[in-house]
Amino acid sequence: MINLEIPGHETMVVEHVTFDYNGTLAVDGYLVAGLKERLVALAKLVEVHILTADTFGLVREQCGDLPVTIEIFTRDNIAQKKKAFVEVLGGATNVAIGNGNNDREMFAVSQLAIVVMGEEGCCVKSLLAADIAVNSPLDALDLLLNKDRIVATLRT
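Everything in this summary refers to the structure shown in the same document. These numbers come from a predicted model, not from an experiment. Every chain begins its residue count from 1, and numbering advances along the sequence as written. Local features in this predicted model are restricted to residues of pLDDT 70 or higher, and side-chain atom pairs are both shown and tallied only at a pLDDT of 80 or more, whereas totals for entire chains, interfaces and linings draw on every residue. Each side-chain value is worked out from all heavy atoms of the structure, with water and hydrogens disregarded.

**Concerning the environment of Q111**
Then, in step 1: Examined against the element boundaries, Q111 turns out to sit in the loop between helix 4 (104-108) and strand 9 (112-116).
Then, in step 2: The sequence separation of Q111 and D131 amounts to 20 residues, and the corresponding C-alpha distance is 9.3 Å.
Then, in step 3: At 3.3 Å, the side chain of Q111 forms a polar contact with the backbone oxygen of A92. We count a stretch as a helix when DSSP gives it H or I for four or more residues in a row; a strand needs E for two or more, and each element gets its number in order from the N terminus. Whenever two N or O atoms come within 3.5 Å, that pair is a polar contact, provided that in protein one can donate a hydrogen and the other can accept it, and provided that, for residues adjacent in sequence, both atoms are side-chain atoms.

The structure is reproduced here in structure tokens:
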């Protein structure tokens with residue numbers, strides 16, 4: 001569990017982190033270098049979930065040895081499926097991290113949303129729906145592993 005005490009906000013208790021895969025954690029289906037170690041460290045604090053349509057068919061190969069839950073959805077209504085997954089977890093204890101248009105719905109039901117611009121860029125609508133924007137998935141994980149960075153970004 002991660003407790004975020006941010007001046008000007010209610011304390012946030014994070015129990016789950018949900019990630020989009022392609023464009024967020026991976027480029028062309030391959031996990032960004034340096035993420036495995038960070039995902040392992042994060043999984044010691046919270047439950048980590050990867051939500052994807054697995055466009056390139058590589059998520060299990062790339063992440064199968066990690067302490068994460070992998071949820072592969074059919075390609076129709078992905079936004080609604082991600083949202084429903086987060087609602088079942090409990091959005092009030094979830095941080096959602098993504099880059100695409102189909103991540104906006106899970107952003108809306110999560111207590112904190114982080115958009116990753118990355119090599120693919122990000123959907124502007126998702127950027128505007130996020131609480132924090134970062135350049136890379138490494139930056140997103142480092143925010144969670146060093147929570148004072150989140151405090152510095154969001155405090156009033």
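**Here's the deal with helix 6 (residues 137-145)**
Then, in step 1: We call a residue buried when its accessible area falls under 20% of the maximum for its residue type, exposed when it is over 50%, and partly exposed in between, using a 1.4 Å probe and counting protein chains only. Among the residues of helix 6, those classed as buried are P137, A140, L141, D142, L143 and L144.
Then, in step 2: By the N-cap criterion, in which a side-chain oxygen at the helix start approaches the backbone nitrogen of a residue two or three places on, helix 6 is capped by S136, the distance to L138 being 3.3 Å.

**Examining helix 3 (residues 78-89)**
Then, in step 1: End to end, helix 3 covers 17 Å across 12 residues, agreeing with the expected 16 Å (1.5 Å per residue, within 8%).
Then, in step 2: Turning to helix 3, its buried residues number three or more, namely I78, A79, K82, F85 and V86. Down the axis of helix 3, the buried side of the element spans an arc of 130°, and every buried residue falls inside it.
Then, in step 3: Contact definition: two residues touch when any of their heavy atoms are within 4.5 Å. On its buried face, helix 3 is in contact with strand 3 (16-20), strand 6 (47-52), strand 7 (69-72), strand 8 (94-98) and helix 4.
Then, in step 4: Following helix 3 by one or two positions, G90 has its phi on the positive side, about 115°. Given the number of residues in a helix, its expected span is that number minus one, multiplied by 1.5 Å. To obtain the arc, one takes the directions from the helix axis to the C-beta atoms.

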